[in-house]
Amino acid sequence: MSLKKLDADPSTLEKVLEELKSDESNRNKINFILFLANNDPTTNRSWCPDCVRAEPVIYKTLEESAEEVNVIRAYAGDRPTWRNPMHPWRVDPRFKVTGVPTLVRWDGDSVKGRLEDHQAHVPNLIRPLLAPST
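- The name an unreviewed UniProt entry gives the protein chain is Thioredoxin-like protein Clot, with Brassica campestris as the organism.
- For the protein chain, the Sequence similarities (unreviewed entry) comment in UniProt is given as "Belongs to the thioredoxin family."
- The record held by UniProt for the protein chain lists under Function (unreviewed entry) the comment "Probable thiol-disulfide oxidoreductase that may participate in various redox reactions."

## Considerations on the nonpolar core
Thought 1: By size, the foremost hydrophobic cluster in this structure holds 38 residues, and its most contacted members are Phe 32, Ile 33, Phe 35, Ile 58, Ile 72, Phe 95 and Val 100.
Thought 2: Those elements that provide at least two residues to this core are strand S1 (2-8), helix H1 (13-22), strand S2 (30-36), helix H2 (49-63), strand S5 (68-75) and strand S6 (102-107).
Thought 3: When residues in this core are grouped by element, the largest group, six residues, is from S2.
Thought 4: In this view, Ile 58 contacts Leu 34, Leu 103, Ala 120 and Ile 126; residues no more than four positions away in its chain are not counted.

## Looking at the pairing of S5
Thought 1: Most of S5 is tucked away, with six of its eight residues classed as buried.
Thought 2: For S1 and S5, the ladder comprises seven bridges, and the chain directions are parallel. Across the sheet, the residue bridging to Lys 4 is Asn 70, located in S5.

## Details of the pattern of salt bridges
Once the charged atoms of two side chains with opposite charge are near each other, the side chains can pair.
Thought 1: Summed over all chains, the structure comprises 10 salt bridges.
Thought 2: Between Asp 107 and Arg 105 there is a salt bridge, with its nearest N and O atoms 3.5 Å apart. Accessibility assignment for this pair places Asp 107 and Arg 105 in one class, buried.
Thought 3: Each of Glu 14, Asp 92 and Arg 94 takes part in a single network of salt bridges with overlapping partners.

Rules used in this analysis
- Residues numbered from 1 in each chain as written.
- Predicted model: local features only at pLDDT ≥ 70, side-chain atom pairs only at ≥ 80, totals over all residues.
- Heavy atoms only, no water.
- UniProt positions renumbered as here; feature names shortened; annotations may be inferred.
- Core = buried A, V, L, I, M, F, W, Y, C linked by side-chain atoms within 4.5 Å.
- Buried < 20%, exposed > 50% of the residue type's maximum accessible area, 1.4 Å probe, protein only.
- Helix = DSSP H or I, 4+ residues; strand = E, 2+ residues; numbered from the N terminus.
- Contact = heavy atoms within 4.5 Å.
- Pairing = 2+ DSSP bridges.
- Salt bridge = Lys/Arg side-chain N within 4 Å of Asp/Glu carboxyl O.

Next up, the structure:
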């Protein structure tokens, strides 16, 4: 149906999540957070080959859904920033991100489903995340 993309980084993710939650027009939408690597400024492509492979597949699969979908593209930073074991999304108990890309279905204040870096490029694994939540 429709896919709305929003961008965030470690310093803005909380604000974006709050805005989504407080906006009445999002009540019936399915929300995802897609944790990604930043683009390398020398190539203008993600430094993460798994992100390069998964990102277009994720968007295409979500766009094909009959559901209204929001996806927050949460950019983790450059390679050294992401590799830091104390990266905010690695240590945040809500996310516990271990690799990028990671796709999570976000309902209210919690993760309701997730695909790790080795799964996020598979449409047949993405589609079940679009099912109505219980």
